[in-house]
Number of protein chains: 4
Amino acid sequence: MGIKLSRTGDVPTQIKNSDLVKRRRKQIVDAAVQLFIEKGFHKTTTRQIAGAAGLSTGSMYEYVNSKEDILYLVCDAIHEEVEEAVSGVLASAGGRDALSRVIREYFHVCNNMSDHILLIYQETQSLPVQWRNRVLENEVRITGMFVRVLENLVSSGDLAPLDERLMELVAHNITVLGHMWTFRRWFLSRQYSIDDYVTIQTKIILGTCDGQNSA
Amino acid sequence: MGIKLSRTGDVPTQIKNSDLVKRRRKQIVDAAVQLFIEKGFHKTTTRQIAGAAGLSTGSMYEYVNSKEDILYLVCDAIHEEVEEAVSGVLASAGGRDALSRVIREYFHVCNNMSDHILLIYQETQSLPVQWRNRVLENEVRITGMFVRVLENLVSSGDLAPLDERLMELVAHNITVLGHMWTFRRWFLSRQYSIDDYVTIQTKIILGTCDGQNSA
Amino acid sequence: MGIKLSRTGDVPTQIKNSDLVKRRRKQIVDAAVQLFIEKGFHKTTTRQIAGAAGLSTGSMYEYVNSKEDILYLVCDAIHEEVEEAVSGVLASAGGRDALSRVIREYFHVCNNMSDHILLIYQETQSLPVQWRNRVLENEVRITGMFVRVLENLVSSGDLAPLDERLMELVAHNITVLGHMWTFRRWFLSRQYSIDDYVTIQTKIILGTCDGQNSA
Amino acid sequence: MGIKLSRTGDVPTQIKNSDLVKRRRKQIVDAAVQLFIEKGFHKTTTRQIAGAAGLSTGSMYEYVNSKEDILYLVCDAIHEEVEEAVSGVLASAGGRDALSRVIREYFHVCNNMSDHILLIYQETQSLPVQWRNRVLENEVRITGMFVRVLENLVSSGDLAPLDERLMELVAHNITVLGHMWTFRRWFLSRQYSIDDYVTIQTKIILGTCDGQNSA
DNA sequence: GATGAATGAGCCTTCATTCAT
DNA sequence: TATGAATGAAGGCTCATTCAT
């Protein structure tokens with residue numbers, strides 16, 4: 001978890017200087033994220049991306065082999081950001097209310113990265129299979145972080161023992177309930193602020209753990 | 001709820017015979033659903049759709065004004081099918097275990113219509129705003145059905161009184177937890193059968209209701 | 001000149017009843033003229049014409065063989081209308097001021113049928129050669145009417161003898177100067193009313209005749 | 001008048017090298033003029049234009065945004081050519097017979113550019129409004145050149161004083177009588193050579209000026 | 001390493017015309 | 001006669017990618 005393994009190394013390049021590659025790819029990804037969010041992957045042209053990234057079309061194609069490459073890079077960057085944000089809290093997570101704090105933090109990340117998360121839901125399908133799988137794995141790795149939080153809490157006694165499978169599912173639920181805010185915010189926000197949402201869902205999730213306890 | 005209001009009447013046509021319109025559109029939608037699922041909206045061509053529907057391109061465009069029309073028709077048909085399936089159970093839903101039964105049914109619908117539900121998550125964005133909104137409304141109408149189930153249970157005494165807002169959120173959770181199976185099945189199914197999934201999530205959801213009670 | 005030879009008889013039909021043909025074709029032409037003026041020949045569809053004419057597409061094609069047929073019928077109808085209007089004045093044309101009266105009348109016809117005349121300038125080219133020629137002949141036949149007026153005036157002594165070729169050219173000038181009002185009205189009308197225009201151009205044309213006299 | 005202001009700068013491009021733009025657009029316009037004259041705007045395909053211009057379709061669209069752009073470029077080029085030709089004579093126009101010389105020159109331009117002038121009469125309507133207006137303005141600017149010739153002649157005493165409005169109308173008449181040769185040449189040329197035409201019309205026009213004098 | 005012009009396959013859509021009913 | 005659904009060739013335009021400079 002401490003290892004931040006940038007998987008983007010797997011996207012091959014024409015360029016030798018690897019620092020330059022990193023720098024240019026950042027430009028590309030930053031530009032692309034915005035554009036993909038605004039107009040979607042298919043309605044964004046490579047020209048627009050290159051332009052927004054401050055590169056010529058030709059140049060861009062020396063740091064990237066296809067438009068799909070860019071999409072992968074984008075998805076990866078998004079996941080990395082989510083992961084990083086979450087792992088920040090995890091570091092300091094301990095004690096009774098660790099779970100609530102992690103949930104709160106994570107849901108706020110989801111709130112802030114709404115568009116990015118939606119992007120992944122919508123465009124992952126456009127990726128070549130291999131990369132689609134990579135993105136899906138990223139997705140479950142994030143869930144894995146929650147599993148570990150739960151495990152720690154149980155082992156520290158801060159949480160009553162939980163069935164292994166249940167624990168995993170609870171982690172998935174946390175993940176997806178965070179996402180839910182991103183695709184239903186347009187509706188939910190009529191009645192709930194993000195804080196309301198966090199509060200209630202937290203109760204529900206914790207209730208799950210407790211309730212299950214007594215079941 | 002009993003009224004099956006086909007909203008597709010809003011998509012205008014060149015053809016006068018409205019029975020024919022219904023028939024041809026079914027051909028079109030049936031063809032398109034498959035193709036969209038296989039290759040995505042953008043990688044499916046109108047010629048492919050027309051061909052698969054057994055129509056000439058020209059003919060197809062007498063029943064539809066654009067490729068986007070087709071996408072809308074597809075989304076609408078999917079929602080209609082989901083709604084219909086769910087409302088089937090609702091009719092006979094009563095008594096203590098009504099909620100479990102509805103959940104089970106709904107989750108099975110999600111399981112069966114996995115690809116269709118994914119399709120909606122992925123392609124709704126490609127719709128013109130007005131129709132995108134229509135599709136989103138369909139989405140919450142389905143959630144509304146669960147709200148009503150909960151209300152009925154509470155009012156019949158089969159469920160302990162629930163805060164109004166909580167009830168709504170529970171309904172959303174049910175909806176989205178059903179969807180979760182569609183986008184995480186590739187992973188979850190390694191450890192859970194759909195029935196396992198139903199069982200555990202049902203417990204969690206019911207726990208929510210009970211647990212909340214005691215909170 | 002007295003003979004109103006409807007040249008439209010040359011456009012063949014499927015239908016026997018020739019009165020019906022005449023009636024239906026009138027519907028078609030009336031509809032088409034408006035549409036062609038509004039949107040031009042190419043941007044008007046046969047469907048629109050049929051619709052506006054109160055016929056089904058199929059029906060229309062029983063009175064007409066092609067879209068070009070319709071254009072020809074339209075051009076012909078316009079010319080017939082112009083011709084008729086002009087020949088009305090001719091009948092009563094005599095005496096010193098006959099020429100001014102004819103000019104005034106004709107220019108007012110041009111003013112009223114501005115759009116129609118423009119239509120002919122713009123779309124004649126889209127006609128099959130044979131019909132294009134027919135339309136061009138119509139055009140010169142109208143000019144011929146002015147030639148005859150001049151001849152009559154000369155032979156009645158109301159106009160000084162004019163060189164034959166000059167006379168013909170004057171007739172063409174009258175015709176085209178009438179048209180000029182239609183394509184330059186947008187500009188000319190800033191400074192001249194149609195009546196100003198008539199007055200001045202008449203002077204110029206008459207001056208031509210007189211001036212030429214003394215030359 | 002000495003300033004040749006190419007208005008085509010208003011048509012935007014993807015290409016940065018503006019010399020190249022000029023060169024390629026010349027290829028495009030040259031090809032298009034021929035094709036439009038031969039078959040008309042609507043029956044010419046963009047592929048044909050690109051082909052005749054020695055470009056790929058894609059390439060052509062880097063220099064132009066639509067087929068209508070091409071039509072505008074064509075109309076503009078034609079007007080520029082006419083203007084240039086006429087302004088050539090104007091430069092050396094002075095003395096008694098200046099007007100005749102200008103008329104002769106202009107009518108010969110019309111004779112040589114017959115097809116081009118017809119093209120403008122026929123296809124201007126297919127232009128988006130804004131450009132249509134531009135073309136119409138070009139048209140009156142050319143007329144303006146004749147107005148100025150007349151003014152000079154009057155002020156130099158080579159022509160008797162003329163009413164301002166009359167002068168303007170005479171200029172329009174010159175312009176349109178030149179055009180007349182283009183749309184009626186098919187008929188007129190049976191009896192008049194272009195030189196005959198020039199001679200007679202010149203007399204008529206000059207007669208106008210003189211005759212009007214005495215009126 | 002960078003640039004940006006060139007490419008051309010392919011897409012969505014239109015519409016004049018026909019023909020079975 | 002009248003209807004209107006069906007046809008399919010063709011058209012305008014886009015855009016990911018390449019490559020000469």
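Here the structure is a predicted model, which is why all the values come from computation and not from measurement.

1. What about the packing of aromatic side chains?
Inspection of the entire model under this criterion finds 40 aromatic pairs over all chains. Pairing Phe183 of chain C with Phe183 of chain D gives two aromatic rings, centres 6.4 Å apart and planes at 75 degrees, and the pair type is edge-to-face. Of the two residues, Phe183 of chain C sits in helix H8 (residues 164-188) while Phe183 of chain D sits in helix H8 (residues 164-188), which places them in two different chains. Pair check on accessibility: Phe183 of chain C and Phe183 of chain D agree, each one buried. Aromatic side chains Tyr121 of chain D and Phe183 of chain D sit 5.0 Å apart centroid to centroid with 75 degrees between the ring planes, which places their arrangement in the edge-to-face category. Pair noted here: Tyr121 of chain D is in helix H6 (residues 114-123) and Phe183 of chain D is in helix H8, with a separation of 62 residues, a long-range link. For Phe183 of chain D, a relative accessible area of 10% puts it in the buried group. Members of the aromatic cluster, connected to one another through ring pairs, are Tyr106, Phe107, Phe146, Trp181 and Tyr197 of chain A. In this structure, Lys67 of chain C is placed above the aromatic ring of Phe41 of chain C, and the distance from its NZ or CZ to the ring centre is 4.5 Å.

2. Regarding the protein's contact with DNA strand F
Around DNA strand F, the surrounding shell holds 37 residues, and the nearest of these are Tyr61 of chain A, Arg24 and Tyr63 of chain B, Tyr63 of chain C together with Tyr61 of chain D. Sugar and phosphate atoms represent 64% of those atoms of DNA strand F found within 4 Å of the protein. Between DNA strand F and the protein, one listed contact pairs a phosphate oxygen with a side-chain N or O atom of Arg24 of chain B at 2.4 Å. A distance of 2.3 Å separates a phosphate oxygen of DNA strand F from a polar atom in the side chain of Tyr61 of chain D. Among the elements of the structure, helix H3 (57-63) of chain A, helix H1 (18-39) and helix H3 (57-63) of chain B, helix H3 (57-63) of chain C together with helix H2 (46-53) and helix H3 (57-60) of chain D are those that each provide at least two residues to the surface near DNA strand F. Tallied by class, residues from the surface near DNA strand F come to 7 nonpolar, 20 polar and 10 charged.

3. Overview of the packing of helix H4 (residues 67-91) of chain D against helix H5 (residues 98-112) of chain D
All names here are of chain D. Their axes nearest at 9 Å, the elements H4 and H5 cross at an angle of 160 degrees. Of the possible angle classes, the one that applies to H4 and H5 is roughly antiparallel. Here H4 runs over H5; the crossing is right-handed. Together, Val82, Ala85, Val86, Val89 and Leu90 of H4 and Arg101, Val102, Glu105, Tyr106 and Val109 of H5 make up the contact between the two elements. The residue inventory of the contact of H4 with H5, partitioned by class, reads 8 nonpolar, no polar and 2 charged.

4. Concerning the interface of chain A and chain B
Taken together, the contacts link 41 residues of chain A with 41 residues of chain B. Of all residues in chain A, Arg165, Leu169 and Arg184 of chain A give up the largest surface area on contact with chain B, accounting jointly for 18% of the area buried on that side. Here Glu68 of chain A makes a salt bridge to Lys43 of chain B, at a shortest N to O gap of 3.7 Å. Linking chain A to chain B there are 17 residue pairs in polar contact (both at pLDDT 80 or more). Considering every element that reaches the side of chain A that touches chain B, the biggest residue donor is helix H8 (residues 164-188) of chain A, with 17 residues. In terms of residue class, the side of chain A that touches chain B is made up of 17 nonpolar, 14 polar and 10 charged.

5. Some remarks on the arrangement of the chains
For the non-touching pair chain A and chain C, the nearest C-alpha separation works out to 29 Å. Between chain B and chain D there is no contact; the minimum C-alpha to C-alpha separation amounts to 21 Å.

6. Let's talk about the confidence of the model for chain A
All names here are of chain A. Per-residue confidence for chain A gives a mean pLDDT of 89, with 92% of residues at or over 70. Averaged pLDDT values over the elements of chain A bottom out at 79 in helix H9 (residues 194-214) and peak at 98 in helix H2 (residues 46-53). Between residues 211-215, whose pLDDT stays under 50, and residues either more than four places distant or in other chains, the model counts 7 contacts.

7. Here we look at the environment of Asn173 of chain A
Structurally, Asn173 of chain A is set in helix H8. Its relative accessible area of 5% is what places Asn173 of chain A among the buried residues. Residues Asn173 of chain A and Thr143 of chain A, 30 residues apart in the sequence, show an inter-C-alpha distance of 8.9 Å. Setting aside residues up to four positions removed in sequence, Asn173 of chain A forms contacts with Leu177, Met180, Gln201 and Ile204 of chain B.

8. Overview of the protein's contact with DNA strand E
Within the structure, DNA strand E sits among 37 residues, and Tyr63 of chain A, Tyr61 of chain B, Tyr61 of chain C together with Arg24 and Tyr63 of chain D are positioned closest to it. Note that a base nitrogen of DNA strand E is positioned 3.4 Å from one of the side-chain N or O atoms of Glu62 of chain D. The set of elements that each furnish at least two residues to the surface near DNA strand E consists of H3 of chain A, helix H2 (46-53) and H3 of chain B, H3 of chain C together with helix H1 (18-39) and H3 of chain D. By residue number, the principal contributor to the surface near DNA strand E is H3 of chain A, which donates 4 residues. The residue inventory of the surface near DNA strand E, partitioned by class, reads 7 nonpolar, 20 polar and 10 charged.

9. Description of the packing of H8 of chain C against helix H7 (residues 129-155) of chain D
Where H8 of chain C contacts H7 of chain D, the axes come no closer than 11 Å and their chain directions differ by 85 degrees. Judged by the angle between their axes, H8 of chain C and H7 of chain D are roughly perpendicular. Between H8 of chain C and H7 of chain D, the contacting residues are Arg184, Trp186 and Phe187 of chain C on the first element and Leu136, Glu137, Glu139, Val140 and Thr143 of chain D on the second. Of the residues in the contact of H8 of chain C with H7 of chain D, the class split is 4 nonpolar, 1 polar and 3 charged.

10. Considerations on the relation of the copies chain A and chain B
Note on the identical chains: chain A maps onto chain B by a rotation of 179 degrees and an axial translation of 0.0 Å, with an RMSD of 0.1 Å. Here the symmetry operator amounts to a two-fold rotation axis. Among all residues of chain A, the one whose C-alpha sits closest to the rotation axis is Gln122 of chain A, at a distance of 2.1 Å. A share of 100% of interface residues in chain A that are also interface residues in chain B marks the association as one of identical surfaces.

11. A few points about the side chain of His172 of chain B
In this structure, His172 of chain B sits in helix H8 (residues 164-188). Classification of His172 of chain B as buried rests on a relative accessible area of 1%. Ignoring sequence-local partners within four residues, the contact set of His172 of chain B consists of Met180, Arg184, Phe187 and Leu188 of chain A together with Thr143 of chain B.

12. Topic: the pattern of salt bridges
Scanning the model with the defined rule gives 27 salt bridges over all chains in all. Between Asp196 of chain A and Arg165 of chain B there is a salt bridge, with the nearest N and O atoms lying 3.1 Å from each other. Separated into two different chains, Asp196 of chain A in helix H9 and Arg165 of chain B in helix H8 make up a pair that spans both. On the basis of relative accessible area, Asp196 of chain A is assigned to the partly exposed category, the value being 27%. Given a relative accessible area of 31%, Arg165 of chain B falls into the partly exposed group. Asp97 of chain D is paired through a salt bridge with Arg101 of chain D; the nearest N and O atoms lie 3.4 Å apart. For Asp97 of chain D, a relative accessible area of 38% gives the class partly exposed.

Calculation rules
- Residues numbered from 1 in each chain as written.
- Chains lettered and ligands numbered in written order.
- Predicted model: local features only at pLDDT ≥ 70, side-chain atom pairs only at ≥ 80, totals over all residues.
- Heavy atoms only, no water.
- Phe/Tyr/Trp six-rings, centres within 6.5 Å; stacked < 30°, edge-to-face > 60°.
- Helix = DSSP H or I, 4+ residues; strand = E, 2+ residues; numbered from the N terminus.
- Buried < 20%, exposed > 50% of the residue type's maximum accessible area, 1.4 Å probe, protein only.
- Lys NZ or Arg CZ within 6 Å of the ring centre and 35° of its normal.
- Near = heavy atom within 4 Å.
- Polar contact = N/O pair within 3.5 Å; in protein donor to acceptor, adjacent residues only side chain to side chain.
- Nonpolar A, V, L, I, M, F, W, Y, C, P; charged D, E, K, R; others polar.
- Axes fitted to C-alpha atoms, helices over the stretch in contact; angles between N-to-C directions.
- Parallel < 35°, antiparallel > 145°, perpendicular 65-115°, else oblique.
- Left-handed = near helix turned anticlockwise from the far one by under 90°.
- Contact = heavy atoms within 4.5 Å.
- Buried area = accessible area lost by both parts, 1.4 Å probe.
- Salt bridge = Lys/Arg side-chain N within 4 Å of Asp/Glu carboxyl O.
- pLDDT = per-residue confidence, 0-100.
- Least-squares fit on C-alpha atoms with pLDDT ≥ 70 in both.

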